[in-house]
Amino acid sequence: QTQWRLAMNRSFKLPSVANLVPRRFRVDNNNTPLDADFLGPPQLRPARAWGLELAYEHYFGSTSLISANLYRRQIDDIIMEQLSQSDGSWLNVLSNHGRASVRGLEIEVKTKLAELSSRFPDMELRATLNRNWSRMDNVPGPDNRLSQQVPLLISTGADYQLLPRLRIGGDYHFQASNTTRESEYMR
């Protein structure tokens, strides 16, 4: 009925092959800081991370559960774009840019109402909340977060067995945005 899990992991995120090509790609003829050319460095290293995760799950029936998951990761050699000016034109170059710490919380609840009581209709309910935080060491604050990380994600849904062969349902997803500072000059 109840489970606790503790996990430690080591992960690597490789750059794509296209990002390692040492050829200058022109985005368009209007070279500005917002439309900079791109150059992939072949010496780019994979981002490496150590992670620790603690999870709790409690089952109320065969499909009803509540779970909570906490995690923390320490990432080295984050791959980030560095904007610079070279020979009078703007250039984005990927580089390994220090260290970041990431942490998060995920809470999930799902239940089949008929499992809780025979008075309830044959309906399934589910909800998930994800909250994530990050901080990059080599970028001055505030807002020195990882740009790919969603800060808040809320998802809810329900399914109802209308007839033996007809099931209806719906889902709602909310994804928050935030301001991210990717370098000293780019926000």
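Summarised in this report is the structure supplied together with it.

Rules used throughout
- Residues numbered from 1 in each chain as written.
- Predicted model: local features only at pLDDT ≥ 70, side-chain atom pairs only at ≥ 80, totals over all residues.
- Heavy atoms only, no water.
- Helix = DSSP H or I, 4+ residues; strand = E, 2+ residues; numbered from the N terminus.
- Rg over C-alpha atoms; globule rule 2.2 N^0.38 Å.
- Buried < 20%, exposed > 50% of the residue type's maximum accessible area, 1.4 Å probe, protein only.
- Contact = heavy atoms within 4.5 Å.
- Areas by Shrake-Rupley, 256 points an atom, 1.4 Å probe, with all protein chains shown as cover.
- Pairing = 2+ DSSP bridges.
- Axes fitted to C-alpha atoms, helices over the stretch in contact; angles between N-to-C directions.
- Salt bridge = Lys/Arg side-chain N within 4 Å of Asp/Glu carboxyl O.
- Polar contact = N/O pair within 3.5 Å; in protein donor to acceptor, adjacent residues only side chain to side chain.

It is worth spelling out the overall build of the protein chain at this point. Of the regular secondary structure elements, the protein chain holds one helix and eleven strands. Walking the protein chain from its N terminus toward its C terminus, one meets helices and strands in the order β-β-β-β-β-β-β-β-α-β-β-β. For the protein chain, whose C-alpha radius of gyration is 23 Å, the value lies well above the compact-globule estimate of 16 Å for 187 residues. With the C-alpha coordinates of the protein chain rotated into their principal frame, the extents come out at 75 × 35 × 30 Å. In the protein chain, which comprises 187 residues, the share counted as buried stands at 28%. Residue pairs in contact within the protein chain that sit at least 24 positions apart in sequence constitute 60% of those at least 6 positions apart. Surface accessibility of the protein chain: about 12200 Å² in total, with carbon and sulfur atoms responsible for 55%.

What follows is about the sheet that holds strand S7 (residues 89–96). Taken in spatial order, the four strands make up an open sheet running S2-S3-S7-S6, and their pairing is mixed. The sheet terminates laterally at strand S2 (24–25) and strand S6 (79–86), the two strands that pair on one side only. Relative to S7, S6 runs antiparallel, the two being bridged by eight bridges. Within S7, the position partnered with Ile79 by the bridge is Asn96.

Another point: unusual backbone geometry. Following Gly141, the chain continues to Pro142 via a peptide bond in cis, the omega torsion being 0°. Relative to the elements of secondary structure, Pro142 occurs in the loop between strand S9 (123–136) and strand S10 (152–163). Phi angles above zero are rare outside glycine, and Asp77 is one such case at about 60°. With respect to the helices and strands, the residue Asp77 is situated in the loop between strand S5 (65–76) and S6. Using a relative accessible area of 13% as the deciding quantity, one classes Asp77 as buried. A positive phi angle, close to 65°, is found at Asp143, a residue other than glycine. Its place among the elements puts Asp143 in the loop between S9 and S10.

This part takes up the side chain of His97. As for its placement among the helices and strands, His97 is situated in the loop between S7 and strand S8 (99–112). Judged by its relative accessible area of 18%, His97 falls in the buried class. In contact with His97, other than residues within four places in its own chain, are Asp77, Ile78, Met80, Gln82, Asn138 and Val139.

Here we come to the sheet that holds strand S11 (residues 166–175). One open sheet holds the seven strands; their spatial order is S1-S4-S5-S8-S9-S10-S11, and the pairing between them is antiparallel. Since the sheet does not close on itself, it has two edges, and those belong to strand S1 (2–13) and S11, each with one partner. Put simply, the sheet's adjacent strands are angled 10° from each other on average, direction ignored.

Now for the pattern of salt bridges. For the coordinates displayed, the defined rule picks out ten salt bridges. A salt bridge links Asp159 to Arg126, with the shortest nitrogen-to-oxygen separation between them at 3.2 Å. On the criterion of sequence distance, the pair formed by Asp159 in strand S10 and Arg126 in strand S9 is long-range, its members being 33 residues apart. With relative accessibility at 28%, the residue Arg126 sits in the partly exposed group. Through salt bridges with shared partners, a single network forms among Arg45, Arg48 and Asp77.

By relative accessible area, which is 19% here, Asp159 ends up buried. Within polar-contact distance, the side chain of Asp159 engages the side chain of Arg126 at 3.2 Å. Discounting chain neighbours no more than four positions away, the residues touching Asp159 are Asp122, Met123, Glu124, Arg126, Arg167, Ile168, Gly169 and Gly170.

We now examine the pairing of S10. Two elements, S9 and S10, share nine bridges in a ladder whose sense is antiparallel. Looking at S10, one finds that Met123 is bridged to Tyr160. Following S10, the chain reverses through two residues before pairing antiparallel with S11.

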